[in-house]
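# What the coordinates show
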Amino acid sequence: MAKVKYTEEHEWISVDNGVGTVGITDYAQEQLGDVVFVEVPEVGRTIARGEAVAVVESVKAASDIYAPVSGEVVEANGTLADAPGNVNLEPMGNGWFFKVRLSNPGELDGLMDEARYEAFVKSLG
Amino acid sequence: MGETTASASLKRTPLHGLHVALGGKIVPFAGYEMPVQFPAGILNEHLHTRRAAGLFDVSHMGQIRLTAKPGRNAAAALERLVPGDITGLKPGQMRYTQFTNAQGGILDDLMVTSTGDHLLLVVNAACKEADLAHIREHLSQDLEIEPMFARGLMALQGPAAADVLGQHAARVRGMAFMTGSFVMIDDAECYVTRSGYTGCDGYEISTPADACERIAKLLLADERVKPVGLGARDSLRLEAGLCLYGHDIDTTTTPVEAGLVWSIGKERRTKGGFPGDHIIIRQIADGPPRRRVGLRPEGRTIAREGTDIATPDGAVIGKVTSGGFGPSLNGPLAMGYVDRNHAATGTKLALMVRGKPVPAEVVPMPFVKHTYWRG
């Protein structure tokens, strides 16, 4: 059973067998508005927690996506090139950005679980 | 992802309550609380306008009425501040022009319509107080100057606009692009022009403040009409190749650099008589040092305002002044200023996005064909 964790930058990571799938939350896509382009990281790239690794462009603005954990990118969501709107439609499903093999699973402990993330979003008003 | 909170010091238009009721996402803009989008979202609002009709609240813009004092000529007076041909405006005709400064830069751009008895100006929201002071400073001897900042102003834009508005005021169907007329809509005296900021056919409707919401609701009752916020207003005007004041034009850009020579009266291009005329006339003759151009980036990367424009070998020759995603183009587009030697259509350039060059080409504007109704 995969566990889902959240960052204060409104990314989610769902970890299964040491590989985390990363995307943005429903709150994030709502704030961004219509997503028209996503720049995903190259497979094989080593990323550090907190590093800007992807860019999501909406009709309003460009936003950086930060790596929620350190590791190596093992897959990028190529379908977003033709269907960036999936980020709006299914932010936690087909709208995922990339998969990362965690080099330090302990970093997950610093992220929020669903209940804490929901409280965090509520606190933003 | 920063969230902006509308503050109590911001002004509201007569349609504020309606925006909130329609689920508009309200943001501060030019001192007003304005809807950036409605629940349909910017993409849908944009595409709906091009397909049917969109209703925009532009009441934040400044409406100013000029009337000649006895023995004076209002058009001749206004020409001392703008390069447009105003004296040639027949009653009911409308023209686009700019307030220029002594350096030939642009203080604001505006629409001028002659009613015969008056000149009606529509100026940018962020500039309206400064424009008013500027006109008062220079033209008070000749003109009665009346700000009408409390009036409502709506834009109804899109291919269905003529039929929608025509059901409430039949005469608007026959009005040609860039003309204006007094029209009764739902028993309110409005001033309607066939104009807009989207590249589509459509109207701008100036209403008494207390009739604005009523008329907006009347128009929205037609299923072809959807409310549209500032977000889609920006993407529509960008596709139409139209300048946004404070971004594509400002006090440091001349009308010649901005590609607006078409808006300068033919006689005025030689005779002058407006602030900065020597510089503007010389630039028309010799060519400006830089030009505003349209740019199409390859792929889907968006080059936004402030992006450096470079030659393929990396020399920076300009900056993007407006850039985004064009929903009707289904791709990115931008405009910006480049050195005159790199301004020709077809020139291959690079846009420096996040440190990487994105290949782009100089293209003619508008990006999306205008569909004005010229009668």
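Per chain, residue numbering runs from 1 following the sequence as it is written. Labels are handed out in written order, letters beginning with A for the chains and numbers beginning with 1 for the ligands. The predicted origin of the model limits local features to residues at a pLDDT of at least 70 and limits the giving and counting of side-chain atom pairs to 80 or more, whereas totals for whole chains, interfaces and linings rest on all residues. Note that water and hydrogens are dropped before the side-chain values are worked out from all heavy atoms of the structure.

### Observations concerning empty space enclosed by the protein
All names here are of chain B.
- Residues are said to line a cavity or pocket when one of their atoms sits within 4 Å of a point; the points come from a 1 Å grid over protein atoms alone, cavities being sets where a 1.4 Å probe fits but cannot get out and pockets being open sets with protein on both sides within 12 Å along at least five of seven lines. Grid points are joined across faces, edges and corners, and a volume is the space filled by probe spheres set on the points. Evaluation of the coordinates by the stated rule reveals two cavities of 30 Å³ or more.
- Taken together, Leu15, Leu18, His19, Leu22, Phe38, Leu55, Phe56, Asp57, Ala216, Leu220, Pro227 and Val228 make up the full set of residues lining the largest cavity.
- Mapped onto the lining of the largest cavity, the elements with two or more residues apiece are helix H1 (16-21), strand S3 (53-57), helix H6 (212-220) and strand S13 (225-228).
- Of the residues in the lining of the largest cavity, the class split is ten nonpolar, one polar and one charged.
- Roughly 40 Å³ of internal volume is contained in the second largest cavity.
- Met34, Pro35, Phe56, Asp57, Val58, Val228, Gly229, Leu230 and Arg233 together form the lining of the second largest cavity.
- Elements supplying a minimum of two residues to the lining of the second largest cavity: strand S2 (32-37), S3 and helix H7 (230-239). Counting from the N terminus, the helices are the DSSP runs of H or I reaching at least four residues and the strands are the DSSP runs of E reaching at least two. Gly falls in the polar group here, along with every residue not listed as nonpolar (Ala, Val, Leu, Ile, Met, Phe, Trp, Tyr, Cys, Pro) or charged (Asp, Glu, Lys, Arg).

### A closer look at unusual backbone geometry
Residues and elements named next belong to chain B.
- Geometrically, the link from Met365 to Pro366 is a cis peptide bond, its omega value of 0° lying close to zero.
- Assignment of secondary structure puts Pro366 in the segment after strand S19 (356-363).
- The phi dihedral of Ala30 is positive, around 50°, even though this residue is not glycine.
- Considering the arrangement of structural elements, one finds Ala30 in the loop between strand S1 (25-29) and S2.
- Positive phi, close to 55°, is recorded for Asn330, a residue that is not glycine.
- Mapping Asn330 onto the fold places it in the loop between strand S16 (316-326) and strand S17 (331-339).
- Exposure categories follow from relative accessible area, calculated using a 1.4 Å probe and restricted to protein chains: below 20% of the type maximum is buried, above 50% is exposed, and the middle band is partly exposed. Taking relative accessible area as the criterion, Asn330 reaches 48% and is therefore assigned partly exposed.

### Regarding the interface of chain B and chain A
- Residues are treated as being in contact if the distance between any of their heavy atoms lies within 4.5 Å. Facing the 14 residues of chain B at the interface are 18 residues of chain A.
- In short, buried area is how much 1.4 Å probe accessible area vanishes from two parts on joining, totalled over both. Here chain B packs against chain A, burying approximately 1500 Å² in sum over the two surfaces, 52% of which is carbon and sulfur.
- When a carboxyl oxygen of Asp or Glu lies within 4 Å of a side-chain nitrogen of Lys or Arg, that pair is called a salt bridge. Viewed at the interface, chain A and chain B are joined by four salt bridges.
- The partner of Arg304 of chain B in a salt bridge is Glu57 of chain A, and the shortest N-O contact between them spans 2.6 Å.
- Between N or O atoms, a polar contact is any pair within 3.5 Å; within protein, one atom must be a potential hydrogen donor and the other a potential acceptor, and residues adjacent in sequence are included only when both atoms are from side chains. Summed over the shared surface of chain B and chain A, the result is eleven residue pairs in polar contact (both at pLDDT 80 or more).
- For the side of chain B that touches chain A, the class distribution of residues is five nonpolar, three polar and six charged.

### Examining the sheet that holds strand S7 (residues 62-66) of chain A
All names here are of chain A.
- Paired strands, in this sense, are two strands between which DSSP finds at least two bridges. As summarised here, the arrangement of the three strands in space is S4-S6-S7, forming an open sheet in which the pairing is antiparallel. In this open sheet, the two strands that pair with only one neighbour each are strand S4 (35-39) and S7. Geometrically, the sheet is characterised by an average inter-axis angle of 25° between neighbouring strands, direction not taken into account.
- Relative to strand S6 (residues 52-58), S4 runs antiparallel, the two sharing four bridges. Pairing of Glu39 across the sheet is with Val55, part of S6. Where helices are involved, their axes are fitted lines through C-alpha atoms of the stretch in contact, as for all axes, and angles between N-to-C directions lie from 0 to 180°.

### With respect to H7 of chain B
All names here are of chain B.
- Most of H7 sits inside the fold, with nine of its ten residues counted as buried.
- Of all the positions in H7, only Leu230, Gly231, Ala232, Arg233, Ser235, Leu236, Arg237, Leu238 and Glu239 are classed as buried.
- Following H7 by one or two positions, Gly241 adopts a phi angle in the positive range, close to 75°.

### Quick word on the packing of aromatic side chains
- In this analysis, rings of Phe, Tyr and Trp, with Trp reduced to its six-membered ring, are considered paired at centre separations within 6.5 Å, and the interplanar angle assigns stacked below 30 degrees, edge-to-face beyond 60, and tilted for intermediate values. Following the criterion strictly, the structure yields five aromatic pairs over all chains and no others.
- Considering the side-chain rings of Tyr96 of chain B and Trp262 of chain B, the 5.6 Å spacing of their centres and the 20° angle between planes classify their relative orientation as stacked. Of this pair, Tyr96 of chain B sits in strand S5 (residues 94-100) while Trp262 of chain B sits in the loop between H7 and helix H8 (268-271), placing them 166 residues apart in sequence.
- On the basis of relative accessibility, which here comes to 58%, the residue Trp262 of chain B falls in the exposed class.
- Seen in terms of ring centroids, Phe182 of chain B and Tyr191 of chain B are 4.7 Å apart; in terms of plane orientation they differ by 75°. Their pairing is edge-to-face.
- The class for Tyr191 of chain B is buried, based on a relative accessible area of 7%.
- One aromatic cluster in this structure is built from Tyr6, Tyr117 and Phe120 of chain A.
- Two limits define a charge over a ring: the Lys NZ or Arg CZ must be within 6 Å of the ring centre, and within 35 degrees of the ring normal. It is Lys99 of chain A that lies over the ring of Trp96 of chain A; its NZ or CZ is 4.9 Å from the centre.

### Looking at the sheet that holds strand S15 (residues 308-310) of chain B
All names here are of chain B.
- Read once around its circumference, the closed barrel built from six strands follows the order S14-S17-S16-S15-S18-S19, with strand pairing classed as antiparallel. For this sheet, the mean inter-axis angle between neighbouring strands, taken without regard to orientation, is 40°.
- By the bridge criterion, six bridges tie strand S14 (residues 290-297) to S17 in an arrangement that is antiparallel. Following the sheet pairing, Gly294 is matched in S17 by Met335.

### Overview of the pattern of salt bridges
Residues and elements named next belong to chain B.
- Following the criterion strictly, the structure yields 25 salt bridges over all chains and no others.
- Note that Asp186 and Arg214 form a salt bridge whose closest N and O atoms lie 2.9 Å from each other. Of this pair, Asp186 sits in the loop between strand S10 (180-185) and strand S11 (188-193) while Arg214 sits in helix H6, and the two are 28 residues apart along the sequence.
- Exposure remark for Arg214: the relative accessible area of 38% places this residue in the partly exposed category.
- Residue Arg237 is joined to Asp248 by a salt bridge in which the shortest nitrogen-to-oxygen separation is 2.8 Å. With a gap of eleven residues between them, Arg237 in helix H7 and Asp248 in the loop between H7 and H8 connect regions that are remote in the sequence.
- For Asp248, a relative accessible area of 0% translates into the label buried.

### Let's talk about the nonpolar core
Residues and elements named next belong to chain B.
- Core analysis: the biggest nonpolar cluster contains 32 residues, and Phe56, Val58, Tyr96, Met111, Met178, Ile249 and Leu260 have the highest contact counts within it.
- If you list the elements that add at least two residues to this core, you get S5, strand S6 (106-114), strand S9 (152-157) and H7.
- Where each domain begins and ends is defined by an automated method or by a domain database. Three or more residues apiece are contributed to this core by two domains, here domain 1 (16-59 + 151-239) and domain 2 (289-367 + 370-374).
- Discounting residues that sit within four places of it in the chain, Ile249 has contacts with Tyr96, Ile106, Asp109, Cys243, Leu244, Ala258, Leu260 and Tyr337.
- Remark: nonpolar core denotes a set of buried residues (Ala, Val, Leu, Ile, Met, Phe, Trp, Tyr, Cys) joined through side-chain atoms within 4.5 Å. Residues Leu165, Ala169, Ile215 and Leu219 belong to the second largest nonpolar core, which totals 28 residues.

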